[in-house]
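Okay, here's what each chain looks like letter by letter:
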Amino acid sequence: MFAQPIVAPVATGAADDLARPNRRSFLKGASALGGALVIAAHLPLARRAMAATGDLAPNAFVRVAPDSTVTVLIKQCEMGQGVTTGLTTIVAEEIDADWGQMRFEFAPADAKLYNNLAFGPIQGTGGSTSIANSWDQLRKAGAMARALLVQAAAAEWNVPAGEITVQKGVVAHASGKSAHFGELAGKAATLTPPADVTLKDPKAFTLVGGHVPRLDTPAKITGKAGFSIDVRRPGQLTALVAHPPRFGGTPKSVDAAAAKQVPGVVDVVTIPTGVAVVARDTWSAMQGREALKIDWDFGQAEGQSTDAIMAGYKAMAQTPGLTAAKRGDAAAALQKAAKLVEVEFEFPYLAHAPMEPLNGVLEPTKDGAVWWAGSQFQTIEQATIAAILGLKPEQVTINSTYTGGSFGRRATPTADYAAETAMIVKATGAKAPIHLMRTREDDMKAGYYRPMAYHKVRAGVDAAGNVSGWDHTVVAKSIMIGTSFEAFAVKDGIDATSIEGASDTAYAVPDLTATVHNAKEGVPVLWWRSVGHTHTAHAVETVVDELAHAAGKDPVAFRAALLKDQPRHAGVLALVAEKAGWGQPLPAGSGRGVAVHQSFGTYVATVAEVSIKDGALKVDRVVAAVDCGIAVNPDVIHAQVEGSVGFALSVVLRNKITLKDGEVEQANFDTYEPTRMSEMPKVEVHIVPSAEAPTGIGEPGVPGLAPAIGNAVFAATGQRLRSLPLDLSKLTST
């Protein structure tokens, strides 16, 4: 999602990091899909409750039950990236549990307890921050629980705490005394937590860095995992919304007579985003929506086609932009260059297209409302629903469910589909739960999109083959401007997410200028998996490859020289070159390309091998080297990089969102086709051993794929395809 913290990081001490240790209560009346432990305000009451139940809950994140199970409260959204396993592993390591006793639950919406430390006072998931922001916090949470169990054993056995060991869920003493966690939990719950805890030496890790089975896999295989699309509440109704076919359109008049005659339709209401049909089931709502007769007002709507929008971008690029980065004198260096590379890149709008369409259930209650969803921005959804319904945020309970993919789509500054559900509840005066469903066509044609972008780059090399000047212009619509994040995410008119990865390139280019233009068209845009890096990495890595060719140098060696003072970049580059067999011959019609890029604190080098036959491009092999700090779950890292390849490949090969007279032309997977298994290359992932704190992995595998493939096409054909998706018809021969 977004790369920069959306608010200043919160500085916290040990107690603050653990969110009011020794305070607890239970969220009553919540469904099994979302019910979770929270921390109460009264310490004496909490201690009595813990002693009575035999549970140990020393902080907001860990609960040890009498049956010795250890439950970790997950404040992040699980959308397939594996955070429920990753975050639980951190606690399990520090408490010294056996993996078989570990459990997890989704935490309730409470930014005071469960804020994302990378964002500030907001509970939310994005920017590949889940492990990174929770690393120290959960280590302390686990270590605190362990310390209390040890204290309880020491008191029970009348032995020094320093003589007690903990291993795989068993607390033991050399005298032969031992106990499982559950046997000590009740006693431990009555003790005062230590003011500080000692964390384990990473050299002693037994779970972090090793193999543990994913905790969510069994439930997903058996169908027991609860997604919001599965929620069924008593009396639940289903709502679908007819959205204007052009962005910014509004309903001028609505004839709902035929829709109301459809069996099962309960109500039809106009809301700010369109016209909602409420019915007893999804099919009736769909049929009712089809029967609506709506005259749309397009007076303020976006009416351009994408070709016209791109033409405007190109014209804008000819004018002075906002300076995002400047070092040295790029113009003077380019005048002295022996060889120049002058190129442009076009990047289309992209849909997120998560496998589970957007949906959620909002249930009015006598005290407020309950929202069931794969909630990615709990704080924003809670506040938005509350504002629409005239409630206080704390009156809105969020029951987080599993999420069937997001790629940034479920994290909107407007909480769009949650807001839409609340609007329907308010407009209908509903007393029953409302399940908002968006079909895939709904979101494909009336959703949010990765911004379209245009890049213009002039770069050169001198007679010795050194980079001599780099001038980089980006035109794109800002994701942040006009949202609630603008005040702290946009500086001097520059949205860093529009040009990240280009303005802050790690390459040793002494003379560089990067400018950005903020486009203004009416297409709604949003972060898309790896945000600005999705296009900046492609432009930068393609130009670097072209400079290497102009200098007559090997692409890997050329990059290595420019990264000699960047050890982590250089490390992944060297590793991927070794593992990919860089320099080894390939069959005729094949090529090998490379890219290296850092995003979300993680360094990834990618090598792609491609073959071209009869005008068709086949990606045969992808090798990636990853430095993401300490590898909490290597299996998850492999899966995320492999998944990034599968996710991004269809964008490299064919996918784009296009508009004709303001209307989106794509609607479903027939016109926006995901990567097929038959297209999937062999993927090899190699992790750099590291003692650095963990960084993100959900997104960094995406940026390098397109340029590595594009550079491989050049290696195979001697011709460049710069814009995405790659269009082989533009090659003179294949």
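Throughout, residues of each chain are indexed from 1 in the direction in which the sequence is written. Totals for whole chains, interfaces and linings use every residue, but because this is a predicted model, local features are given only for residues with pLDDT of at least 70 and side-chain atom pairs only at 80 or more, for both listing and counting. Excluding hydrogens and water, the side-chain values take into account all heavy atoms of the structure.

Student: Is there a simple way to explain the overall build of the chain in this structure?
Tutor: In this description a helix means any DSSP run of H or I spanning at least four residues, a strand means any run of E spanning at least two, and both kinds are numbered starting from the N terminus. From N to C terminus, the chain includes 21 helices and 30 strands. Across its three principal axes, the chain shows a C-alpha extent of roughly 80 × 75 × 45 Å. Contacts are residue-level and defined by heavy atoms, with any inter-residue pair within 4.5 Å sufficient. Across the chain, every contact between residues at least 6 apart in sequence was considered, and the portion connecting residues at least 24 apart equals 76%. Residue burial considers only the protein chains on display, and all accessible areas are found by Shrake-Rupley using a 1.4 Å probe. On the chain, roughly 27700 Å² of surface is accessible, and the fraction owed to carbon and sulfur atoms is 53%. Both charge centroids of the chain, one from 67 positive and one from 72 negative side chains, sit 2 Å from each other. Charge assignment: positive for Lys and Arg, negative for Asp and Glu; neither His nor the chain ends contribute. Note on charges: their place is set at NZ of Lys, CZ of Arg, CG of Asp or CD of Glu.

Student: I keep staring at the nonpolar core and nothing clicks. Help me out?
Tutor: Where a protein is soluble and globular, its nonpolar side chains tend to be buried together. Take the buried residues of types Ala, Val, Leu, Ile, Met, Phe, Trp, Tyr and Cys, join any two whose side-chain atoms come within 4.5 Å, and each joined set is a nonpolar core. When a residue's accessible area, from a 1.4 Å probe over protein chains only, is under 20% of the maximum for its type it is buried; when over 50% it is exposed; and in between it is partly exposed. Core analysis: the biggest nonpolar cluster contains 149 residues, and Tyr-349, Trp-470 and Ile-709 have the highest contact counts within it. Among the elements that line this core, the one with the most residues is helix H20 (residues 634-653), at eight residues. Grouped together as the second largest cluster of nonpolar side chains are 58 residues, Leu-56, Ala-97, Leu-113 and Ala-185 included.

Student: Explanation requested: the packing of aromatic side chains in the structure shown.
Tutor: Geometry of an aromatic ring pair is reported as the spacing of the ring centres plus the angle between the planes. Note on ring pairs: Phe, Tyr and Trp rings are taken, using the six-membered ring of Trp, and paired if centres are within 6.5 Å. Classes follow the plane angle, with under 30 degrees stacked, over 60 edge-to-face and the rest tilted. According to the stated counting rule, one finds 16 aromatic pairs in the structure shown. Taken together, a centroid distance of 6.4 Å and an interplanar angle of 80° make the contact between Phe-119 and Phe-377 edge-to-face. Of this pair, Phe-119 sits in the loop between helix H4 (111-114) and helix H5 (130-157) while Phe-377 is found in the loop between strand S17 (369-373) and helix H12 (378-389), placing the two residues 258 residues apart along the sequence. We classify Phe-119 as buried; its relative accessible area is 1%. Measuring from centroid to centroid gives 6.2 Å for Trp-371 and Tyr-417, while their planes differ by 50°, and the two rings are tilted. Of the two residues, Trp-371 sits in strand S17 while Tyr-417 sits in helix H13 (residues 416-428), which places them 46 residues apart along the sequence.

Student: For this particular structure, what's the right way to read the confidence of the model for the chain?
Tutor: Detail in the predicted coordinates should be disregarded across regions flagged by low pLDDT. Overall, the prediction assigns the chain a mean pLDDT of 93, with 93% of residues at 70 or greater. Note on scores: pLDDT gives the predictor's confidence for each residue, bounded by 0 and 100. Overall, residues 1-49 carries pLDDT values under 50, and its contacts beyond four positions in sequence, including any with other chains, amount to 141 contacts.

Student: What should I look at first to understand the pattern of salt bridges in this one?
Tutor: When the charged atoms of two side chains lie near each other, side chains of opposite charge can form a pair. One speaks of a salt bridge when a side-chain nitrogen belonging to Lys or Arg is within 4 Å of a carboxyl oxygen belonging to Asp or Glu. The tally for this structure, following the rule as stated, stands at 31 salt bridges. The partner of Arg-654 in a salt bridge is Glu-679, and the shortest N-O contact between them spans 2.7 Å. Here Arg-654, found in the loop between H20 and strand S28 (659-660), pairs with Glu-679, found in the loop between strand S29 (663-664) and strand S30 (682-687); they are 25 residues apart in sequence, far enough to count as distant. Judged by its relative accessible area of 25%, Arg-654 falls in the partly exposed class. The class of Glu-679 is buried, set by a relative accessible area of 18%. The closest approach of N and O atoms between Glu-673 and Arg-676, which form a salt bridge, is 2.9 Å. On the accessibility criterion, Arg-676 (41% relative accessible area) is partly exposed. Linked through salt bridges whose partners overlap, the residues forming this network are Arg-409, Asp-416, Glu-420, Arg-438 and Asp-443.

Student: So what exactly am I meant to see when it comes to the side chain of Gln-382 here?
Tutor: If you trace the backbone, Gln-382 turns up in helix H12. Engagement of the side chain of Gln-382 in a polar contact is seen with the backbone oxygen of Pro-393, the distance being 3.3 Å. Excluding residues within four positions of it along the chain, Gln-382 makes contact with Ala-109, Pro-393, Glu-394, Val-396 and Ile-398. Nitrogen and oxygen atoms within 3.5 Å of one another constitute a polar contact, given that in protein one can donate a hydrogen and the other can accept it, and given that sequence-neighbouring residues count only through two side-chain atoms.

Student: Mind showing me how you'd approach the packing of helix H17 (residues 533-551) against helix H18 (residues 555-562) here?
Tutor: Any two packed helices are characterised by how steeply their axes cross, that is the angle between the axes, and by the distance between the axes. In this analysis an axis means a line fitted to C-alpha atoms, helices contributing only their contacting stretch, and an angle means the value between N-to-C directions, from 0 to 180 degrees. Running from N to C, H17 and H18 cross one another at 110°; their axes reach a closest spacing of 9 Å. Taken together, the axis directions place H17 and H18 in an arrangement best described as roughly perpendicular. Here H17 contributes Glu-541, Val-544, Asp-545, Leu-547, Ala-548 and Ala-551 to the contact with H18, which in turn contributes Pro-555, Phe-558 and Arg-559. Considering only residue class, the contact of H17 with H18 consists of six nonpolar, no polar and three charged. The scheme is simple: roughly parallel for angles under 35 degrees, roughly antiparallel for over 145, roughly perpendicular for 65 to 115, oblique for anything else. When residues are sorted by character, Ala, Val, Leu, Ile, Met, Phe, Trp, Tyr, Cys and Pro go into the nonpolar class, Asp, Glu, Lys and Arg into the charged class, and all the rest, Gly among them, into the polar class.

Student: Just to check I follow, could you spell out unusual backbone geometry for this structure?
Tutor: The phi torsion of most residues other than glycine is negative, and most of the peptide bonds are trans. The amide bond that connects Leu-724 to the next residue, Pro-725, takes the cis arrangement and shows omega of -5°. Inspection of the secondary structure puts Pro-725 in the segment after helix H21 (705-717). We note that Ala-353 has phi near 50°; this positive angle belongs to a residue other than glycine. Mapped onto the elements, Ala-353 comes out in the loop between strand S15 (339-347) and strand S16 (359-364). Overall, Ala-353 belongs to the buried group, its relative accessible area being 19%.

Student: What should I look at first to understand the sheet that holds strand S25 (residues 590-599) in this one?
Tutor: What links the strands of a sheet is backbone hydrogen bonding, and the strands pair in either a parallel or an antiparallel sense. Paired strands, as defined in this entry, are two strands with at least two bridges between them according to DSSP. Spatially, S25-S26-S27-S30 is the arrangement adopted by the four strands of the open sheet, whose pairing is mixed. Pairing within the sheet leaves two strands with one partner each, and these edge strands are S25 and S30. Each adjacent strand pair in this sheet contributes to an overall mean axis angle of 15°, direction not counted.

Student: Looking at this structure, I do not really get the environment of Gly-390. What am I missing?
Tutor: Counting through the fold element by element, Gly-390 comes out in the loop between H12 and strand S18 (396-400). For Gly-390, a relative accessible area of 66% gives the class exposed. Expressed as a C-alpha distance, the spacing of Gly-390 and Ala-459, which sit 69 residues apart in the sequence, is 56 Å.

Student: Hey, could you run me through the side chain of Asp-416 in this one?
Tutor: When you line up the elements, Asp-416 lands in helix H13. Under the relative-accessibility criterion, Asp-416 is labelled buried at 11%. Excluding anything up to four places from it in sequence, Asp-416 contacts Arg-409, Arg-438 and Tyr-448.

Student: Would you explain the environment of Ala-330 in this entry?
Tutor: Turning to its location among the elements, Ala-330 is positioned in helix H11 (residues 330-336). Between the C-alpha atoms of Ala-330 and Tyr-417, which are 87 residues apart in sequence, the distance is 46 Å. In this structure Ala-330 touches Gly-469, Trp-470, Asp-511, Leu-512 and Thr-513, once residues within four positions along its chain are discounted.

Student: What exactly am I supposed to notice about the sheet that holds strand S7 (residues 170-173) here?
Tutor: The strand order S6-S7-S8 describes an open sheet built from three strands, whose pairing is antiparallel. Edge positions in the sheet fall to strand S6 (164-167) and strand S8 (178-180), since each of these pairs with one other strand and no more. When the angles between neighbouring strand axes are averaged without regard to direction, this sheet yields 20°. Across the sheet, H5 is in contact with S6, S7 and S8; its angle to S6 comes to roughly 135°. Helix H6 (residues 181-189) contacts S6, S7 and S8 of the sheet and is inclined by roughly 85° relative to S8.

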